[in-house]
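Structure assessment
Take a look at the letters that make up each chain.
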Number of protein chains: 2
Amino acid sequence: MRFMTSSDKPGNASETAPAEPTGVAARDWASASADPQYRAAVVDLLGALAYGELAAFERLAEDAKLAPTLEDKAELAKMASAEFHHFERLRDRLAEIGEEPTRAMEPFVAAYDGFHKQTAPSDWLEGLVKAYVGDSIASDFYREVAARLDSDSRDLVLAVLDDTGHGGFAVEKVRAAIDADPRVGGRLALWARRLMGEALSQSQRVVADRDALSTMLVGGVADGFDLAEVGRMFSRITEAHTKRMAALGLAA
Amino acid sequence: MRFMTSSDKPGNASETAPAEPTGVAARDWASASADPQYRAAVVDLLGALAYGELAAFERLAEDAKLAPTLEDKAELAKMASAEFHHFERLRDRLAEIGEEPTRAMEPFVAAYDGFHKQTAPSDWLEGLVKAYVGDSIASDFYREVAARLDSDSRDLVLAVLDDTGHGGFAVEKVRAAIDADPRVGGRLALWARRLMGEALSQSQRVVADRDALSTMLVGGVADGFDLAEVGRMFSRITEAHTKRMAALGLAA
């Protein structure tokens, strides 16, 4: 089960996203990748997503240790294993287009590791909220970016996206914990805010470092880099996060 | 790739194992499970294997953090993910035969957790040796036990066994490390000995606690419990381990 707004609107990204000045969405990889800047942007994107999945695997597996029951442990292990399979698909795609997966991932290691280091959950509920928030933000981002990709890259990103959505498990557990003790909600609301703040801060670091990727994210290379549009994309993702947290009983 | 003797002899268990006094191997689950003691033994076995896979998942994912490169991290994550899928099959089988998977696993939590707590690798190479030793001992044990099972349970155990064998990756890396610095071999040999010692000590604890399981392991319920035969099974597994370690350049 998916939870909340982003999943109900598969067309969300293309409705709110800017138009496609380069028309890359109508082309396949063979044609679109002839543009070296577009190619560099997609390699960056796949590298960033691949390392993100590998890091998520590692952290979910680590957080599984906090599980109060064997069933809960198995659920988090299942999410971790799903992230690993996403990693495999993205890594294999990098290899397929002739890129060294490790080299593509390396520019993003510091940002993800920094994020996870700053947001190590101190208990099971914090781990669940992190799993849910991470899964949701990843979905929103994948959906935003899919509309800007050539057809082959888009198919891959949407396929990986389709297979996420294990967050329903986390939602159910967090709701039950807040029902049982409403004070838990206040603590977890603070935690969710910290997660989002840290995610934004690491993302902005990546945006500043990786010109080709950032330019593509805001609508194509033809118009050049538009920091304001990056800001708007972050706003859309933050807004969706805030709505999800409110629905979960956490004032964000 | 599989490495060393145990994999070359698929018939190993049945050659060296005692005869089947109960003839259970010729029966299917529906028929064999009418015997409540046999049923209890198989539920114990599936519970023990399932929790073993879940614990292995957790530890391999943890050890992936020690990986020196992203490729190495991905390899260990792959092994972890494979263990998780074994866990799923065993857990689903427990549910299929009407058992609560958690209840079936619980009696074995302390032994596995004790083993892993006592054998936390202090570096990447120790982690690799542990992954390889664990994978190999598990294969040997699965093979020993398969011959004593009804046809349905045997098919499941052999299917899970077939899908192991990621140890080749570890073997290659450990060999290279010993070639580069032979002193590493001495340290890892001690480590492998400690792993085996701890595995035996935890197994003996399980054997002492779980009568139905132990009786089945030594050849069937008709002849009653035979501690000497349990000892012989442990000997066969230890011997195979010693040969593997020698071939790896580690005097065990």
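Position numbers for residues start from 1 in each chain and track the written sequence from start to end. A letter from A marks each chain and a number from 1 marks each ligand, given out in the order of writing. Reporting of local features is limited, given that this is a predicted model, to residues whose pLDDT is at least 70; pairs of side-chain atoms are given and counted only at 80 or more, and all residues count toward the totals for whole chains, interfaces and linings. Heavy atoms throughout the structure, all of them, feed into the side-chain values; hydrogens and water do not.

**Side note on the overall build of chain A**
Convention followed: Numbering of helices and strands runs from the N terminus; a helix is a DSSP stretch of H or I covering at least four residues, while a strand is a stretch of E covering at least two. Note on classification: 1.4 Å probe, protein chains only; a residue is buried when its accessible area is under 20% of the maximum for its type, exposed when over 50%, partly exposed between these limits. Residue contacts follow a heavy-atom distance rule, with two residues in contact if any of their heavy atoms lie within 4.5 Å. To be clear on the numbers: accessible area is Shrake-Rupley with a 1.4 Å probe, and residue cover counts the displayed protein chains and nothing else.
A tally of regular secondary structure across chain A gives 13 helices and 0 strands. Mapped in sequence order, the helices and strands of chain A form the string α-α-α-α-α-α-α-α-α-α-α-α-α. Looking at chain A as a whole, 55% of its 252 residues qualify as buried. Long-range pairs, those at least 24 residues apart, make up 81% of the contacts in chain A between residues at least 6 apart in sequence. Split by element, the accessible area of chain A, about 10400 Å² in all, is 53% carbon and sulfur.

**Describing the packing of aromatic side chains**
For clarity, the cut-off: Between rings of Phe, Tyr and Trp, where Trp is taken as its six-membered ring, a pair exists when centres lie within 6.5 Å; planes separated by under 30 degrees are stacked, by over 60 edge-to-face, and by other angles tilted.
Taken as a whole and judged by the stated rule, the model has 9 aromatic pairs over all chains. Here a set of aromatic residues connected by ring pairs shows up, and it is made of A:F57, A:F84, A:F87, B:F57, B:F84 and B:F87.

**Side note on the relation of the copies chain B and chain A**
Rule in force here: A residue counts toward the fit only if its pLDDT is at least 70 in both copies, and the copies are then superposed by least squares on the C-alpha atoms of those residues.
For these two chains of identical sequence, chain B goes onto chain A by a turn of 180° and a shift of 0.0 Å along the axis, with RMSD 0.0 Å. Expressed as an axis order, the relation between the two copies is that of a two-fold axis. Across chain B, the smallest distance between a C-alpha and the rotation axis is recorded for B:S81, namely 2.6 Å. In this assembly, 100% of the residues forming the interface of chain B have copies in chain A that are likewise at the interface, indicating an isologous arrangement.

**Concerning the packing of helix 5 (residues 70–96) of chain B against helix 8 (residues 124–146) of chain B**
The description of two packed helices rests on the angle between their axes and on the distance between the axes. Residues and elements named next belong to chain B. To be explicit about the condition: With axes taken as lines fitted to C-alpha atoms, and helix axes fitted only over the stretch in contact, angles between N-to-C directions fall between 0 and 180 degrees. Here the angle decides the label: under 35 degrees means roughly parallel, over 145 means roughly antiparallel, 65 to 115 means roughly perpendicular, and every other value means oblique. In this scheme, a crossing is called left-handed if the near helix is turned counterclockwise away from the far one by less than a right angle; it is called right-handed if the turn is clockwise. Three classes are used: nonpolar for Ala, Val, Leu, Ile, Met, Phe, Trp, Tyr, Cys and Pro, charged for Asp, Glu, Lys and Arg, and polar for all others, with Gly counted as polar.
Between helix 5 and helix 8, the least distance of the axes is 12 Å, while the angle of their chain directions is 30°. In terms of orientation, helix 5 lies roughly parallel with respect to helix 8. As helix 5 packs across helix 8, the resulting crossing turns out to be left-handed. Each of D72, L76, M79 and L90 in helix 5 lies in contact with helix 8, whose residues at this interface are W124, L128, A131 and Y142. Class assignment for the residues of the contact of helix 5 with helix 8 results in 7 nonpolar, no polar and 1 charged.

**Some points on the interface of chain B and chain A**
Threshold: Using a 1.4 Å probe, buried area is obtained as the accessible area two parts lose upon being combined, added over both of them. Salt bridges are defined by distance alone: a side-chain nitrogen of Lys or Arg within 4 Å of a carboxyl oxygen of Asp or Glu. Between N or O atoms, a polar contact is any pair within 3.5 Å; within protein, one atom must be a potential hydrogen donor and the other a potential acceptor, and residues adjacent in sequence are included only when both atoms are from side chains.
Across the contact, 26 residues belong to chain B and 26 residues belong to chain A. Across the interface of chain B and chain A, roughly 2000 Å² is buried in total on both sides, 67% from carbon and sulfur atoms. Inspection of the region where chain B meets chain A yields 4 salt bridges. Between chain B and chain A we count 12 residue pairs in polar contact (both at pLDDT 80 or more) in total. Contributions of two or more residues to the side of chain B that touches chain A are made by helix 4 (36–63), helix 5 and helix 6 (101–105) of chain B.

**Some words on the environment of A:P68**
Residue and element names in this part refer to chain A. Relative to the helices and strands, P68 is located in the loop between helix 4 (36–63) and helix 5 (70–96). The exposure class assigned to P68 is exposed, which follows from its relative accessible area of 56%. The spatial distance from the C-alpha of P68 to the C-alpha of W124 is 7.4 Å, given a sequence separation of 56 residues.

**Comments concerning helix 10 (residues 167–180) of chain B**
Residue and element names in this part refer to chain B. Applied cut-off: One less than the number of residues in a helix, times 1.5 Å, gives the span that helix is expected to have.
Given a rise of 1.5 Å per residue, 14 residues ought to cover 20 Å, and the 20 Å separating the end C-alpha atoms of helix 10 matches this to within 8%. Among all positions in helix 10, only G167, G168, F169, A170, V171, V174, A177 and I178 are buried. Taken together, the buried residues of helix 10 touch helix 5, helix 8 and helix 11 (183–209).

**What about the pattern of salt bridges?**
Following the criterion strictly, the structure yields 28 salt bridges over all chains and no others. One salt bridge in this structure joins A:K173 and A:D72, with 3.0 Å as the shortest N-O distance. Taken together, the residues A:K173 in helix 10 (residues 167–180) and A:D72 in helix 5 connect sequence positions 101 residues apart. Among the residues examined, A:K173 registers a relative accessible area of 31% and is labelled partly exposed. Note that B:E96 and B:R93 form a salt bridge whose closest N and O atoms lie 3.1 Å from each other. Taken together, the positions of B:E96 and B:R93, both in helix 5 and 3 residues apart, correspond to about one turn of that helix. Connected through shared salt-bridge partners, A:E62, A:K65, B:E62 and B:K65 make up one network.

**Here we look at the packing of helix 5 of chain B against helix 9 (residues 151–162) of chain B**
All names here are of chain B. Where helix 5 meets helix 9, the axes come as close as 10 Å, and the angle between the chain directions of the two elements is 165°. Judged on the interaxial angle alone, helix 9 and helix 5 are roughly antiparallel. Here helix 5 runs over helix 9; the crossing is left-handed. For the pair helix 5 and helix 9, contact is made by H86, R89, L90 and R93 and by D152, L156, A159 and V160, respectively. Looking at side-chain class alone, the contact of helix 5 with helix 9 contains 4 nonpolar, 1 polar and 3 charged residues.

**A word on the environment of A:W124**
Residues and elements named next belong to chain A. Relative to the assigned elements, W124 resides in helix 8 (residues 124–146). Judged by its relative accessible area of 12%, W124 is buried. Taking the C-alpha atoms as reference, W124 lies 7.3 Å from D63; in sequence the two are 61 residues apart.

**Some thoughts on the nonpolar core**
Side chains of nonpolar character tend, in soluble globular proteins, to be buried together. Let me state the cut-off plainly: Here, the term nonpolar core denotes a set of buried Ala, Val, Leu, Ile, Met, Phe, Trp, Tyr and Cys residues that are joined through side-chain atoms within 4.5 Å.
Of all hydrophobic cores here, the largest spans 160 residues; its most connected members are A:M216 and B:M216. Not counting chain neighbours up to four residues away, the residues in contact with B:M216 comprise B:Y38, B:A41, B:V42, B:L45, B:V145, B:R148 and B:L149.

**Re the side chain of A:E126**
Residues and elements named next belong to chain A. Relative to the assigned elements, E126 resides in helix 8. The class for E126 is buried, based on a relative accessible area of 9%. Within the structure, E126 has its side chain in polar contact with the backbone nitrogen of S122 (distance 2.9 Å). Excluding residues within four positions of it along the chain, E126 makes contact with P121, R187, L188 and W191.

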